[in-house]
Amino acid sequence: MLGVELEIDAYFDRLKAELDRLCRADVERLGELVYRAWEEGRFVFVFGNGGSAATASHFAADWGKNSVPPDELAQLGGRRLKILSLTDNIPWFSALGNDLGYDQVFVQQLVQYASPGDLAIAISGSGNSPNVLKAVQWANDHGLTTFALTGYDGGKLKTIAQAGIHVALDDMAMVESIHACIGHWIVDDLTARIRRIGRYGPGGETAKQAVQ
């Protein structure tokens, strides 16, 4: 754990260095996929375990509510991003774990809710959580787009997801911090894109320039 070894200045310097190493193109790719899901009215499903479960819930709250601020909802098309964290329905989550096994808690929810063309975002520091892998494999087999946020060496998840962001760092806490930072940029990027459509219509920046 880097926080055990490093004093505060060194810890934050290391966090900054790891953010600087992050592949911007991969983050922008996720932003594009999320925006496309909003544009096409697709569902976005997010899931993970432990700290990654909390990140999934955080993404669902931020991307769903904040993608279109309440005072702009009517102006921007009257709809927000359809996003669901598969970690949040605790009665169903616990029933699936108890009755079918913990490896089924995500995939069975996708069976219930998902359709071809939806986006499944899997978050796993290790990349080797069996329940995450089962859900991603099912999503791949049923026409969903799959995207992984990983750490360490990426594990099996990095190899089976169709795209992803890999934080190549052997420290779970810092990996999770970087995943959260990515999520905050994504919601702002999504809001900016939706605002361009709402204010200037289809055509985005081209239409904006024509108005100006």
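Just so it is clear, the structure is predicted and the values come from calculations on it, not from any experiment. (Residues numbered from 1 in each chain as written. Predicted model: local features only at pLDDT ≥ 70, side-chain atom pairs only at ≥ 80, totals over all residues. Heavy atoms only, no water.)

A. Expanded view of the overall build of the protein. Looking only at helices and strands, one finds 10 helices and 5 strands in the protein. Residues counted as buried form 45% of the 212 residues belonging to the protein. Pairs at least 24 apart in sequence give 69% of the contacts found in the protein among residues at least 6 apart. Only carbon and sulfur atoms are counted for the fraction: they give 52% of the accessible area of the protein, which is about 10,300 Å². (Helix = DSSP H or I, 4+ residues; strand = E, 2+ residues; numbered from the N terminus. Buried < 20%, exposed > 50% of the residue type's maximum accessible area, 1.4 Å probe, protein only. Contact = heavy atoms within 4.5 Å. Areas by Shrake-Rupley, 256 points an atom, 1.4 Å probe, with all protein chains shown as cover.)

B. Quick look at unusual backbone geometry. The backbone phi angle of Tyr152 is positive, close to 45 degrees, even though this residue is not glycine. Structurally, Tyr152 can be placed in the loop between strand E4 (145-150) and helix H8 (155-160).

C. Geometry of the sheet that holds strand E3 (residues 119-124). Read from one edge to the other, the open sheet built from 5 strands follows the order E2-E1-E3-E4-E5, with strand pairing classed as parallel. The sheet terminates laterally at strand E2 (82-85) and strand E5 (163-166), the two strands that pair on one side only. The sheet shows a mean angle of 15 degrees between the axes of neighbouring strands, direction not considered. In the sheet, strand E1 (residues 43-48) pairs with E3 via 5 bridges, with the strands oriented parallel. Opposite Val46, over in E3, you have Ile121 as the bridge partner. With respect to the sheet, helix H3 (residues 24-40) is in contact with E1, E3, E4 and E5, its orientation differing from that of E4 by roughly 140 degrees. On top of the sheet, helix H4 (residues 51-65) reaches E1, E2, E3 and E4; it is set at about 160 degrees to E2, its chief contact. (Pairing = 2+ DSSP bridges. Axes fitted to C-alpha atoms, helices over the stretch in contact; angles between N-to-C directions.)

D. Focus on the side chain of Thr55. Here Thr55 lies in helix H4. Setting aside chain neighbours within four positions, we find Thr55 in contact with Ile123 and His179.

E. Layout of the environment of Asp170. You can see Asp170 is positioned in the loop between E5 and helix H9 (172-200). Between the alpha carbons of Asp170 and Tyr152 there is a distance of 4.7 Å; along the sequence they are 18 residues apart.

F. Region of the structure containing the environment of Ala56. Relative to the helices and strands, Ala56 resides in helix H4. Looking at Ala56, the relative accessible area reads 0%, which means it is buried. Linking Ala56 and Ala180, residues 124 residues apart in sequence, is a C-alpha distance of 9.2 Å. Apart from residues lying up to four places away in sequence, Ala56 is in contact with Val46, Phe47, Gly48, Ser85, Thr87 and Ile123.

G. Spotlight on the pattern of salt bridges. Evaluated as defined, the whole model comprises 7 salt bridges. Linking Glu18 and Arg21 is a salt bridge whose minimum nitrogen-to-oxygen distance equals 2.7 Å. Linking Glu18 with Arg21, this pair stays in helix H2 (residues 8-21), spanning 3 residues, or about one helical turn. For Glu18, a relative accessible area of 7% gives the class buried. (Salt bridge = Lys/Arg side-chain N within 4 Å of Asp/Glu carboxyl O.)

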